Amino acid sequence: QVQLVESGGGLGQAGGSLRLSCAASGRTFSSYRMGWFRQAPGKEHEFVAGISMSGAVTWYADSAKGRFTISRDNAKNMLFLQMNSLKPEDTAVYYCATVDRDLQASGSWGQGTQVTVSS
């Protein structure tokens, strides 16, 4: 049970960077594994990146590996996604969510933030 609010999306250019943030409520943020997902028009939600409760371990989809970095600041109840070397195919609505040990969404989602990457 946690409320999540994403921010930081917008219009980027191919090769550029964006930094997404996810603010979580409560003092139990550190008890959740967290992840970033995205959904392009007409497509299913796609896993992008995940992070362990402490932030010590991260996981990335092949599409994100080497370009995106997930991180968290548990003292501030914040989750981040640094997106570098943006590509037009990164265009989607990005969501943060709690995830289980299999990196499946486990119930709490934010409202999403739109990322649009132009050529």
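Reference entry: report on the structure contained in this document. All of these numbers come straight from a predicted model, not from anything done at the bench.

### Points about the overall build of the chain
At step 1: Check the secondary structure of the chain and you find zero helices and 11 strands.
At step 2: Order of helices (α) and strands (β) in the chain, N terminus to C terminus: β-β-β-β-β-β-β-β-β-β-β.
At step 3: Here the C-alpha atoms of the chain give a radius of gyration of 13 Å, agreeing with the 14 Å that 2.2 N^0.38 yields for 119 residues.
At step 4: In terms of overall dimensions, the chain has C-alpha extents of about 40 × 25 × 25 Å along its principal axes.
At step 5: Taken over 119 residues, the chain has a buried fraction of 41%.

### Quick word on the state of the cysteines
At step 1: A complete count under the given rule lists one disulfide for this structure.
At step 2: Paired by a disulfide, C22 and C96 hold their sulfur atoms 2.0 Å apart. The chirality of the disulfide connecting C22 with C96 is right-handed, given an S-S dihedral of about 60 degrees. Of this pair, C22 sits in strand β3 (residues 18-24) while C96 sits in strand β9 (residues 92-99), placing them 74 residues apart in sequence.

### Describing the sheet that holds strand β1 (residues 4-7)
At step 1: What the four strands build is an open sheet, ordered β1-β3-β8-β7; its pairing is antiparallel. Of all the strands in the sheet, the pair left with one neighbour each is β1 and β7 (68-73). Pairwise comparison of adjacent strand axes, ignoring direction, gives a mean angle of 15 degrees for this sheet.

Reading guide: rules and limits
- Residues numbered from 1 in each chain as written.
- Predicted model: local features only at pLDDT ≥ 70, side-chain atom pairs only at ≥ 80, totals over all residues.
- Heavy atoms only, no water.
- Helix = DSSP H or I, 4+ residues; strand = E, 2+ residues; numbered from the N terminus.
- Rg over C-alpha atoms; globule rule 2.2 N^0.38 Å.
- Buried < 20%, exposed > 50% of the residue type's maximum accessible area, 1.4 Å probe, protein only.
- Disulfide = S-S within 2.5 Å.
- Pairing = 2+ DSSP bridges.
- Axes fitted to C-alpha atoms, helices over the stretch in contact; angles between N-to-C directions.

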